[in-house]
Amino acid sequence: MTGLARHRRGQCYRQLRAVYRHDQPVDGRGDAEKILESFHTFPVHEVARLGRSLRAWRTQFLAYFDTGGANNGGTEAIDLIVEKILRLAHRFPTPPTTHPARRWQAQALANQTRAPLHNEEPDFRSPGKVRSLSVTTRIPAGPPA
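These notes cover the structure that comes with them.

The rules behind each value
- Residues numbered from 1 in each chain as written.
- Predicted model: local features only at pLDDT ≥ 70, side-chain atom pairs only at ≥ 80, totals over all residues.
- Heavy atoms only, no water.
- Helix = DSSP H or I, 4+ residues; strand = E, 2+ residues; numbered from the N terminus.
- Buried < 20%, exposed > 50% of the residue type's maximum accessible area, 1.4 Å probe, protein only.
- Contact = heavy atoms within 4.5 Å.
- Axes fitted to C-alpha atoms, helices over the stretch in contact; angles between N-to-C directions.
- Parallel < 35°, antiparallel > 145°, perpendicular 65-115°, else oblique.
- Nonpolar A, V, L, I, M, F, W, Y, C, P; charged D, E, K, R; others polar.
- Left-handed = near helix turned anticlockwise from the far one by under 90°.
- Salt bridge = Lys/Arg side-chain N within 4 Å of Asp/Glu carboxyl O.
- Phe/Tyr/Trp six-rings, centres within 6.5 Å; stacked < 30°, edge-to-face > 60°.
- Patch = residues over 30% accessible without salt bridge, like charges linked within 9 Å, V, L, I, M, F, W, Y side chains within 5 Å.
- Areas by Shrake-Rupley, 256 points an atom, 1.4 Å probe, with all protein chains shown as cover.
- Core = buried A, V, L, I, M, F, W, Y, C linked by side-chain atoms within 4.5 Å.

Examining the overall build of the chain
Line of reasoning, step 1. Broken down by element type, the chain carries six helices and two strands.
Line of reasoning, step 2. Listing every helix and strand of the chain by position from the N terminus yields α-α-α-α-α-α-β-β.
Line of reasoning, step 3. Split into buried and exposed, the 145 residues of the chain put 14% on the buried side.
Line of reasoning, step 4. Contacts in the chain between residues at least 24 apart in sequence constitute 36% of all its contacts with a sequence separation of at least 6.

A short note on the packing of helix 1 (residues 3–19) against helix 3 (residues 45–56)
Line of reasoning, step 1. One way to put it is that helix 1 packs onto helix 3 with a least axis distance of 10 Å and a crossing angle of 30 degrees. The orientation of helix 1 relative to helix 3 falls into the category roughly parallel. Residue-level contacts link Arg 9, Cys 12 and Leu 16 of helix 1 to Glu 46, Val 47, Leu 50 and Leu 54 of helix 3.
Line of reasoning, step 2. Considering only residue class, the contact of helix 1 with helix 3 consists of five nonpolar, no polar and two charged.

A look at the packing of helix 1 against helix 2 (residues 25–38)
Line of reasoning, step 1. The contact between helix 1 and helix 2 brings their axes to 8 Å, and the two run at 145 degrees. Where helix 1 crosses over helix 2, the two elements pack in a sense that is left-handed. Residues Gln 15, Leu 16 and Val 19 of helix 1 touch helix 2, and the partners they reach there are Gly 28, Asp 31, Ala 32 and Ile 35.
Line of reasoning, step 2. Taken together, the residues of the contact of helix 1 with helix 2 break down into four nonpolar, two polar and one charged.

Let's talk about the pattern of salt bridges
Opposite charge on two side chains lets them pair, provided their charged atoms get close.
Line of reasoning, step 1. According to the stated counting rule, one finds three salt bridges in the structure shown.
Line of reasoning, step 2. Of the charged contacts, one joins Glu 33 and Arg 29 as a salt bridge, the two residues approaching to 3.3 Å between their closest N and O atoms. Of this pair, Glu 33 and Arg 29 both sit in helix 2, four residues apart, which is roughly one turn of the helix.
Line of reasoning, step 3. By relative accessible area, which is 30% here, Glu 33 ends up partly exposed.
Line of reasoning, step 4. Its salt-bridge partner being Arg 58, residue Glu 37 comes within 3.5 Å of it at the nearest N-O pair. Of this pair, Glu 37 sits in helix 2 while Arg 58 is found in helix 4 (residues 58–66), placing the two residues 21 residues apart along the sequence.
Line of reasoning, step 5. By relative accessible area, Arg 58 is classed as partly exposed at 32%.

Side note on the packing of aromatic side chains
The description of an aromatic ring pair rests on the distance of the ring centres and on the angle between the ring planes.
Line of reasoning, step 1. Considering all chains together, one arrives at six aromatic pairs under this definition.
Line of reasoning, step 2. On the basis of an interplanar angle of 55 degrees and a centroid distance of 6.5 Å, the ring pair of Phe 39 and Phe 42 is categorised as tilted.
Line of reasoning, step 3. Given a relative accessible area of 19%, Phe 42 falls into the buried group.
Line of reasoning, step 4. Seen from their ring centres, Tyr 64 and Phe 65 are 5.2 Å apart, and the 85 degrees between their planes marks the pair as edge-to-face.
Line of reasoning, step 5. Under the relative-accessibility criterion, Phe 65 is labelled buried at 7%.
Line of reasoning, step 6. Taken together, the ring pairs connect Tyr 20, Phe 61, Tyr 64 and Phe 65 into an aromatic cluster.

Topic: a nonpolar patch on the surface
Line of reasoning, step 1. Together, Ile 78, Val 82 and Leu 86 make up an exposed nonpolar region whose accessible area comes to about 270 Å².
Line of reasoning, step 2. Summarising the element assignment, Val 82 is placed in helix 5 (residues 73–89).

Some points on the nonpolar core
Line of reasoning, step 1. In terms of nonpolar packing, the biggest core is built from 15 residues, with Ala 32, Ile 35, Val 47, Leu 54, Phe 61 and Leu 62 touching the most fellow members.
Line of reasoning, step 2. Broken down by secondary-structure element, the contributors of at least two residues to this core are helix 1, helix 2, helix 3 and helix 4.
Line of reasoning, step 3. Looking at this core, the element that brings in the most residues is helix 1, giving four residues.
Line of reasoning, step 4. Those residues in contact with Leu 54 that sit more than four places away from it in its chain are Leu 16, Ile 35, Leu 36 and Phe 61.

Here's what the structure looks like:
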């Protein structure tokens, strides 16, 4: 990344942060709408991607200014902490990370097959599964004795 691109990315970062520092939500909303109209066409890739994300979340982004700055960030943070505690208490594994090596390890663990029991054989139609062997008995033809 060139120095100019890094500088322009920093300007956009400061511009976005400044939206939340206005005393009146109306002023911040005007700046937020300018950001929504300009960031998605910005020549720096990261800023353009942020602009597309903000446009997809336009209603939620602008709702911050309609409600006088009210949001549920604190509630969401507490909910995430409670979910993590419950997951650890029940010994559930943490979700796999986005790192490719960790994702590969999680997939390898998920795809492990268990050894078939004595009355099962591997199901070659769907790898990693087993099917029970059914025992069929022949009923002799003819009248009952």
